[in-house]
Structure formats: C-alpha cells, structure tokens
Amino acid sequence: CNNEEIVFNISKFGESLFLFDRGGNMIQRVDIPELSPDKSFVVGEGECDQPTPGFSNDSDGYFAYIAQNTADIVINEVIASNSKHNAVDGKYYDMIEIKNVSEKTVNLGDYCLSDDKNELTGSPLPDKELAPGEFYVYPASGSGSKYAQFKISASGETVYLSDRQGNIVDIIRIPELPTNMSYGRIGDGYAFFATPSLGKENSGGSSSLLDV
C-alpha cells in the first residue's frame, strides 16, 4: 500500500477491506481489527505475531520468509522429475539448486538438505566454497553417499535447508511438477519454469502451470 500499486493505506485502528471483480461484484469482505505494531491479521485466525508476506501462514512459511531476508544461502530452483537436464554420472537425477545470496563466501559443508522435518541433517552438502551470487546444483539421488539421500516427489513436497545444528534456514514447498519442468525463486516469490536454468539466474516463469 504505497500509493502506487495500491492507492490507500490500512488504518492501524482497524477497518474493512473489500475485494471486487472488474464488474463491481463483491467477492470478499474482511473486517480488520486494531492491530499492534508489526503484527498481521490472518483471516479466520486473528492477529499474528509472525507475519509471512508472500508465504503460507504457518511455521514453514515463517521460516521461508525469514530466510528470504536473512539467510546466506537459499534453495533457488528444483526439478522433481528429470529426464534430460544436467546429467551426472550418465544419469538424470532430481536436482536442487543452491544460491549464495550473501555478500560473503559460504562453505556449503556447514549446511544440510532434507525432505523430512524430523531429520534435517540427513544429507550434508559437500565441503565446497560458494562465492557471493554463485550457484551449486546438487543431485537428489535417493541413495548412495555422494548426493542427497532423498528424491523429490513429482506430486509435491517440502524440502528443508538447515545448518549442521538442525536450524532451518530455508524452506521450499514444491507443488506438483511435470517432468523436466522446474520450480524456483523469481523476485519476491516463486514460479514454474518450462525451461530450467540450473546454475544460472531464474528468469521468466509463470505463476501457474496453466500459463506455462
């Protein structure tokens, strides 16, 4: 609400917001109560002391939102069903791209990947220096000792990036993905990519599979 994208502000003392379609038909009304500073209002739940703009309204969404602003490295792009991108040892694995979003060199060996919230340190990343803005593409083979010890479900699941102490630093909730398509960060949100860009900046993309 910056008088450019949305040309009004929301009163901290509470008010009602209305959502209309282009024909002037009201779709939804939300009555917002008076809110404390830096709190948000979640429809159906009330005041929230951990706002998650752009992410789901739960603990996973909060970690993902915080990571977007504070993490040194993030999960930048994933492929859940792969038959032609980035062959490794002659095979096409599920792929997870990590990006260093900080201004310092980071050792990937300080971090782990997992698809199990109860076993966050199951797949340590290799001992490799990642420069600012650099990418690292990590296969998720589901077995062996060289790569991630899990595969990514093409029907959708959550992948966690944590430090060696088991503190979550980033989360990506992967929706159902067709073969050879990827899902990843673009700007302040996420998009589907018909042509993955592993090892490079994500560009283009669509917010819905219907638009790909």
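Scroll up to find the structure.
A few points on the structure. Quick caveat: nothing in here was measured; it's all calculated off a predicted structure. (Residues numbered from 1 in each chain as written. Predicted model: local features only at pLDDT ≥ 70, side-chain atom pairs only at ≥ 80, totals over all residues. Heavy atoms only, no water.)

Digging into the nonpolar core
- Residues Ile75, Val78, Ile96, Leu113, Ile152, Val159 and Ile172 are the most contacted members of the largest nonpolar core, which totals 33 residues.
- Among the elements of the structure, strand E5 (73-79), strand E6 (94-100), strand E8 (111-114), strand E11 (135-140), strand E12 (157-163), strand E13 (168-174) and strand E15 (189-193) are those that each provide at least two residues to this core.
- Tallying contributions element by element places E13 first for this core, with four residues.
- The residues contacting isoleucine 96, other than those within four sequence positions of it, are Ile75, Glu77, Val78, Leu113, Tyr136, Val137, Tyr138, Ala140, Phe150, Ile152 and Val159. (Core = buried A, V, L, I, M, F, W, Y, C linked by side-chain atoms within 4.5 Å. Buried < 20%, exposed > 50% of the residue type's maximum accessible area, 1.4 Å probe, protein only. Helix = DSSP H or I, 4+ residues; strand = E, 2+ residues; numbered from the N terminus. Contact = heavy atoms within 4.5 Å.)

Quick look at the sheet that holds E6
- A sheet is described by the order of its strands in space; here five strands give the open sequence E11-E6-E5-E14-E15, paired in antiparallel fashion. Edge positions in the open sheet fall to E11 and E15, since each of these has one partner strand only. If you compare each strand with its neighbour and ignore which way they point, the axes differ by 30° on average.
- Of the pairings in the sheet, the one linking E5 to strand E14 (residues 182-186) comprises three bridges and is antiparallel in character. Among the inter-strand pairings, valine 78 is bridged to a residue of E14, identified as tyrosine 183. (Pairing = 2+ DSSP bridges. Axes fitted to C-alpha atoms, helices over the stretch in contact; angles between N-to-C directions.)

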